[in-house]
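What follows is the residue order along each chain.
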Amino acid sequence: MLNKNIETFIGCDADYEDSKIVIFGAPFDSTTSFRPGTRFASRVMRSESFGLETYSPYQDKDLTDYNIFDGGDLELTFGNSRRALDDIKEFSRKVLKDNKLPL
């Protein structure tokens, strides 16, 4: 079982057991070619999602109608790209093994 992240993406605050979708951040920018900082993206996206609507008139669906778990950011090894990618793969496999969709 995974614990909910303290600050979740808006509408994605279901428990792990009840969810079919699991979102997580992979703060990784070791291969960035211009300027580092992509490692902060998932945290900023969660913070800024507070101002978004959960309802989409284009899809006529509401995000809160789905059980989505936000597990926060993975703790990835800094300076070791291979290990970081292996950690992301390992976490995704665990989520898939639990019959859930990793995002």
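Residues numbered from 1 in each chain as written. Predicted model: local features only at pLDDT ≥ 70, side-chain atom pairs only at ≥ 80, totals over all residues. Heavy atoms only, no water.

## Description of the overall build of the protein
Just so we agree on the cut-off: In this text, helices come from DSSP runs of H or I with a minimum length of four residues, and strands from runs of E with a minimum of two, each type numbered from the N-terminal end. Under the scheme applied here, a residue whose accessible area is under 20% of the maximum for its type counts as buried, over 50% as exposed, and between as partly exposed, the area being computed with a 1.4 Å probe on protein chains only. The contact criterion used is simple: two residues touch if any of their non-hydrogen atoms lie within 4.5 Å. Accessible surface is estimated by sampling points in the Shrake-Rupley manner with a 1.4 Å probe; for residues, cover comes only from the protein chains shown. Under the convention used here, Asp and Glu are negative, Lys and Arg are positive, and both His and the chain ends fall outside the count. By convention, the charge on Lys lies at NZ, on Arg at CZ, on Asp at CG and on Glu at CD.
Each helix and strand in the protein was counted, giving two helices and five strands. Its helices and strands taken in sequence order, the protein reads β-α-β-β-β-α-β from the N to the C terminus. Counting only C-alpha atoms and orienting by the principal axes, one finds that the protein spans roughly 40 × 30 × 25 Å. Residue burial in the protein is summarised as follows: out of 103 residues, 29% are buried. Put simply, of all contacts in the protein between residues at least 6 apart along the chain, 71% involve residues at least 24 apart. In the structure as shown, the protein presents an accessible area of about 7,400 Å², 53% of it carried by carbon and sulfur atoms. Side chains of the protein give 14 positive and 18 negative charges; the mean places of these two sets differ by 8 Å.

## What about helix H2 (residues 81-97)?
Quick reminder of the rule: In a helix, the anticipated span is given by 1.5 Å times the number of residues less one. This arc is built from the directions going out from the helix axis to the C-beta atoms.
The terminal C-alpha atoms of H2 lie 24 Å apart, and with 17 residues this matches the ideal 24 Å at 1.5 Å per residue to within 8%. When we look at burial in H2, the residues that qualify are Ala84, Asp87, Ile88, Phe91, Ser92 and Val95. Viewed along the axis of H2, the buried residues span an arc of 130°, placing them on a single side of the element. Those residues of H2 that are exposed and aimed more than 90 degrees away from the buried face are Arg82, Glu90, Arg93, Leu96 and Lys97. Of the surrounding secondary structure, the elements contacted by the buried residues of H2 are strand S1 (21-25) and strand S5 (101-102). In the stretch just after H2, asparagine 99 is the one whose phi turns positive, near 65°.

## Quick look at the sheet that holds strand S4 (residues 68-73)
In plain terms, the rule: A pair of strands is treated as paired once DSSP finds two or more bridges between them. Note on method: axes are straight lines fitted to C-alpha atoms, helices fitted across the in-contact stretch only, with angles between N-to-C directions ranging 0 to 180 degrees.
Pairing within the open sheet is parallel, and its three strands lie in the order S4-S1-S5. Of all strands in the sheet, those with a lone pairing partner are S4 and S5, marking the two edges. Note: S1 against S5, two bridges, orientation parallel. Looking at the pairing, isoleucine 21 lines up with leucine 101 of S5. Against the sheet, helix H1 (residues 41-48) makes contact with S1 and S4, and its axis sits at roughly 135° relative to S4, the strand it touches most.

## A look at the confidence of the model for the protein
Put simply, the test is: The predictor rates its confidence in each residue with pLDDT, a number between 0 and 100.
In this model, the protein carries a mean pLDDT of 87, and residues with pLDDT of at least 70 account for 95%. Per-element averaging of pLDDT across the protein places H1 at the bottom with 83 and S5 at the top with 96.

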